[in-house]
Amino acid sequence: MGLPTAVTREEWRAARAELLALEKAATRARDALNSRRRELPMVEVDTAYVFEGPDGKAELLDLFEGRAQLVVYHFMFAPDWDAGCRSCSAFLDQIGHLAHLRARGTAFAAVSRAPFTKILPFKARMGWTVPWYSSYLSDFNQDFGATVDSDEGPQERPALSCFLREGERVFHTYSTFDRGLDNIGFTTNLLDLTALGRQEEWEKPAGRASALGAPAGSPRLRYHDEYAD
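Residues numbered from 1 in each chain as written. Predicted model: local features only at pLDDT ≥ 70, side-chain atom pairs only at ≥ 80, totals over all residues. Heavy atoms only, no water.

**Considerations on the pairing of strand β9 (residues 159–166)**
Across six bridges, strand β4 (residues 69–74) lies against β9 in antiparallel orientation. Bridge pairing links V72 to S161 in β9. Bridge count for β9 against strand β10 (residues 169–177) is eight bridges, and the pairing is antiparallel. Opposite S161, over in β10, you have S175 as the bridge partner. Linking β9 to β10, which pair antiparallel, is a turn of two residues; within it G167 sits at a positive phi near 65°. (Pairing = 2+ DSSP bridges. Helix = DSSP H or I, 4+ residues; strand = E, 2+ residues; numbered from the N terminus.)

See below:
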């Protein structure tokens, strides 16, 4: 598969107009889907989960920082790992200034099963400032589907969960997993707009990235301080 077909500007505008109609339809479908998501019922969280953070022990309510909503990123970092997941690290690299979320009454925190004594040095290495807690002392990840049992033992999976607070009561409103996080990240959103895309083998048209010798995406994903350039 070669590069995109080279055409005149007029031909490009015509093709772009056709795609724009599809993009607008997808935008309307996305808005409708988001509306359906907001209409989901919620479930009260009645388990007293215990986390460990920079100030010691914390409860789920503490992660709200007094705000109405909480978004938790279930960062894949098992207790026996020496470092966090590379894909999760790439995701957390993209989290910007939290003031924009906080101004809308929404807190953000990463949660992992690794002990906080492992999280702290890795967080420092990556240079992150987002709140990050250990759920090592609780079944939080398991209860919200971010850690699943298998024949090989507990397996981590990328996930994101949303919670709503009403006074002292906490409710679970939404969770998504794996490809459900696809369009949340800055990097994947930008790459989806480019001619070479994410440079993943599953993408269509097949073989597009190899036309310019571009590397495959996820298989070569690294921590941000491990790239040569």
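**Focus on a nonpolar patch on the surface**
Residues V50, Y136 and L137 make up a contiguous nonpolar surface patch of about 290 Å² in total accessible area. Summarising the element assignment, L137 is placed in the loop between β6 (132–134) and α6 (140–143). With relative accessibility at 52%, the residue L137 sits in the exposed group. (Patch = residues over 30% accessible without salt bridge, like charges linked within 9 Å, V, L, I, M, F, W, Y side chains within 5 Å. Areas by Shrake-Rupley, 256 points an atom, 1.4 Å probe, with all protein chains shown as cover. Salt bridge = Lys/Arg side-chain N within 4 Å of Asp/Glu carboxyl O. Buried < 20%, exposed > 50% of the residue type's maximum accessible area, 1.4 Å probe, protein only.)

**Considering the side chain of S161**
With respect to the helices and strands, the residue S161 is situated in strand β9. Polar side-chain contacts of S161 include one of 2.8 Å to the side chain of H74. Separated by 2.6 Å, the side chains of S161 and S175 make a polar contact. Look past the residues within four positions of S161 in its chain and what remains in contact with it is L70, V71, V72, H74, F144, H172, Y174 and S175. (Polar contact = N/O pair within 3.5 Å; in protein donor to acceptor, adjacent residues only side chain to side chain. Contact = heavy atoms within 4.5 Å.)

**Focus on the packing of aromatic side chains**
As enumerated under the stated definition, the model contains 16 aromatic pairs in all. Ring centres 5.0 Å apart and planes at 75° place the aromatic pair F51 and F140 in the edge-to-face group. Of this pair, F51 sits in strand β2 (residues 51–53) while F140 sits in helix α6, placing them 89 residues apart in sequence. The residues F51 and F140 share a single accessibility class, namely buried. With centroids separated by 5.8 Å and ring planes inclined at 75°, the aromatic side chains of F77 and F122 adopt a geometry described as edge-to-face. Taken together, the residues span a long stretch of sequence, with F77 in the loop between β4 and α3 (86–93) and F122 in helix α5 (residues 116–126) at a distance of 45 residues. The same class applies to F77 as to F122, namely buried. Connected via pairs of aromatic rings, a cluster forms that spans Y73, F75, F77, F91, F122, W128, W132 and Y223. (Phe/Tyr/Trp six-rings, centres within 6.5 Å; stacked < 30°, edge-to-face > 60°.)

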